[in-house]
Amino acid sequence: MTRAANIPPCRICGNGAGNREHRFREMMFGTGEEFLYLECGSCGCLQIAEIPPDLGRFYGTGHAGLVADPQILAGSALKRLLRRLRDLHTVTGRGTVGSLLGLLQPPMPALQALARLHPPRTARILDVGCGSGYFLWSLYNAGFRNLLGIDPYLPEEKELAPGLVLLKKELADVAGEWDIITFIDSFEHVPDPQTSLQAAAERLGGDGWILIRTPVVPCEAFRRYGEHWVQADAPRHLHIPSIRAMEHLAASSGLTLEHVVYDSTDFQFWGSEQYRREVPLVAEDSYFLNPARSIFTPDQIRHFVREADDLNRRGEGDSAVFYLRRTVPGG
């Protein structure tokens, strides 16, 4: 990590003073290509210095978030039923059985993030950067029906269930009003965060919410692992915001940042430890693909989970959920 005087200004706030250089390698697939990032000396946003013109090749057909079939991931009919009961309770609070199931196997963080908004099952939900659609499919399985997913990197458009469609589109190409617009681990991938947030604000209906779950800086994992921090995910993660950066983006889009909830997981530790040992995320011995063949013991993973929970309580986790609404004049 070095200071540099000739790197580009921050794309979020325009600051050009005191920005710092960082270099990260592509490690999801393990190509090792190196990319320059800058850390803004004013708003704190971490961002790639130059967006690759051929960014699509770093996703391709092998990106797990784009090609995995949600229903296959969910398992057998029995497992899907159990997931439905658990997820229904997570989002709506309904069902004692679902509550117990959630204790045995916690639901995905995105559902927990949405649950804080207490959405009715009639809510119109647009998921931007939907990937394979697992988040939306989980909502559909729990009884939500007004759902749409968009992602410009989808290999193809598809219908996951009657009425649940994933479209190969940009946000600017979507019409209509939405009660909740989500960016689930996707906001860090957009080339122009300000334009994307403005487009989302324009599509909010009434008292709608924008929910953004994203890696965040500063955080303990970035301080600890530096160039090996797994959430840098070079070059796919183009902008990793700080709270100050998100407040700047919100204000410029006529929005107010209402709440911030840290929800990092053990991924920040085992993923970064693997990268430090030159183990790509999709390697055969990666904990991501094959926990039994990885270098980690169950006790180590449990320790990582406890440490992540502690960091979240202290506001030092490497992932957070931002809740934004339209700014009320005079409010």
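Scroll up to find the structure.
About the thresholds
- Residues numbered from 1 in each chain as written.
- Predicted model: local features only at pLDDT ≥ 70, side-chain atom pairs only at ≥ 80, totals over all residues.
- Heavy atoms only, no water.
- 1 Å grid on protein atoms, 1.4 Å probe; cavity = no way out; pocket = protein on both sides within 12 Å on 5 of 7 lines; lining within 4 Å.
- Points joined across faces, edges and corners; volume = space filled by probe spheres on them.
- Nonpolar A, V, L, I, M, F, W, Y, C, P; charged D, E, K, R; others polar.
- Disulfide = S-S within 2.5 Å.
- Helix = DSSP H or I, 4+ residues; strand = E, 2+ residues; numbered from the N terminus.
- Buried < 20%, exposed > 50% of the residue type's maximum accessible area, 1.4 Å probe, protein only.
- Pairing = 2+ DSSP bridges.
- Right-handed = clockwise from strand over helix to strand, strands pointing away.
- Axes fitted to C-alpha atoms, helices over the stretch in contact; angles between N-to-C directions.
- Contact = heavy atoms within 4.5 Å.

A. Representation of empty space enclosed by the protein within the structure. Evaluation of the coordinates by the stated rule reveals one cavity of 30 Å³ or more. Quantified by volume, the largest cavity comes out at close to 70 Å³. Every residue lining the largest cavity is listed: F24, R25, M27, M28, E227, H228, W229, A232, D233, A234 and Y275. Its residues assigned to classes, the lining of the largest cavity comprises seven nonpolar, one polar and three charged.

B. Geometry of the state of the cysteines. On inspection of all chains with the given rule, the structure shows zero disulfides. Not engaged in a disulfide, the cysteine C219 finds its nearest cysteine sulfur in C45; these two sulfurs lie 13 Å apart.

C. Local environment of unusual backbone geometry. Residue P218 is reached from V217 by a cis peptide bond, and omega for that bond is -5 degrees. A cis amide bond, omega -5 degrees, links A234 with the succeeding residue P235. Within the secondary structure layout, P235 lies in the loop between α8 (220-225) and β11 (239-240). For H118, which is not glycine, the phi torsion reads 50 degrees and is therefore positive. Along the polypeptide, H118 turns up in the loop between α5 (109-115) and β5 (125-128). In this model, D233 sits at a positive phi of 45 degrees, which is unusual for a non-glycine residue. Position of D233 among the secondary structure elements: in the loop between α8 and β11. For D233, a relative accessible area of 10% corresponds to the buried category.

D. Geometry of the pairing of strand β10 (residues 204-215). Most of β10 sits inside the fold, with ten of its twelve residues counted as buried. Pairing of strand β9 (residues 178-184) with β10, which is carried by six bridges, proceeds in the parallel orientation. Paired with I180 across the strands is W209, a residue of β10. Since β9 and β10 lie parallel, the crossover through helix α7 (residues 193-202) that links them has a hand, and here it is right-handed.

E. Molecular detail of the sheet that holds strand β8 (residues 164-167). If you trace the eight strands from one edge of the open sheet to the other, you get β7-β8-β6-β5-β9-β10-β13-β12, paired in mixed fashion. The open sheet is flanked by β7 (158-161) and β12 (255-262), the only strands paired with a single partner. Here the average twist between neighbouring strands, direction ignored, is 20 degrees. Running at roughly 150 degrees to β10, α7 makes contact with β9, β10, β12 and β13 (319-326) of the sheet.

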